[in-house]
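# What the coordinates show
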Amino acid sequence: MAAWSRVWAWVRSAPLTYSWLLVLLVTTLLQHALPLRRLRALLQKDSTNLHHLTTDPIRVLIESLLWIDGRYWWPYLVVFTLFLAPAERWLGHLRWLAAGLICHIGATYLSEGFLYWAIQEAQAPPRMIDARDIGVSYFVVGIVGVLVYRIAPPWRWVYLVAALGIFATSLAIKRDFTQLGHFSALLLGLACYPLTRRSRAAVAA
């Protein structure tokens, strides 16, 4: 019972993280239940692609966060618990949400802007205007960047080098708009330093 009490106390301390995770569980179950054709149409409708960012940006920027880009939910339980929940406990709900949305929206526009340039330069086919782009990864990677300021030196620099190395290597290997989005989200998370200042002062005190 004591262990469950500690788990429940942890969950209650990060309500936005775990409420979002519950929504993702429901939509993942829906993904498994829907016929493939209908699922593809649904995910396409909520994609933050060039077409939707031009015609209905607010809707797709929100609704794309309600789906995972994959079949399995449990890895998100691990990632949310390791990164998003500690960040929400540290920053508070509003600053956590602000930092994540800055990274999600900024990385989406940077990556899709690159894709638009690639289409214009004939480096990518025109059909990529309607490319499927859903999921929570830009938000999550942005929070990974923000957490640099939660870690005390010298481990902060180890964490920073590891994060930059992982996402820079992924970008160098794959070189597509999604990997650019991940790397951009990390940099935007690092740029969210002003949102962490009060939390850093509280930790130091």
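Residues numbered from 1 in each chain as written. Predicted model: local features only at pLDDT ≥ 70, side-chain atom pairs only at ≥ 80, totals over all residues. Heavy atoms only, no water.

Below, the discussion takes up the confidence of the model for the chain. Looking at the chain as a whole, its pLDDT mean stands at 93, while 96% of the residues score no less than 70. Looking at the elements of the chain, mean pLDDT is at its lowest for helix α11 (residues 193–204), recorded as 70, and at its highest for helix α8 (residues 137–146), recorded as 98. (pLDDT = per-residue confidence, 0-100. Helix = DSSP H or I, 4+ residues; strand = E, 2+ residues; numbered from the N terminus.)

The next point concerns the nonpolar core. In summary, soluble globular proteins display a tendency toward joint burial of nonpolar side chains. By size, the foremost hydrophobic cluster in this structure holds 38 residues, and its most contacted members are Trp20, Phe80, Leu84, Trp96 and Ile143. Mapped onto this core, the elements with two or more residues apiece are α2 (15–33), α6 (74–91), α7 (93–120), α8, α9 (155–174) and α10 (177–191). Beyond its immediate chain neighbours, meaning those up to four positions away, Ile143 contacts Phe83, Leu84, Ala87, Trp96, Ala99 and Gly100. Counting residues in each nonpolar core, the second largest holds eight residues, with Leu115, Ala118, Ala124 and Phe177 among its members. (Core = buried A, V, L, I, M, F, W, Y, C linked by side-chain atoms within 4.5 Å. Buried < 20%, exposed > 50% of the residue type's maximum accessible area, 1.4 Å probe, protein only. Contact = heavy atoms within 4.5 Å.)

Now for α10. End to end, α10 covers 20 Å across 15 residues, agreeing with the expected 21 Å (1.5 Å per residue, within 8%). Within the span of α10, buried status applies to Phe177, Gln179, Gly181, His182, Ser184, Ala185, Leu186, Gly189 and Leu190. (Expected span 1.5 Å × (residues − 1).)

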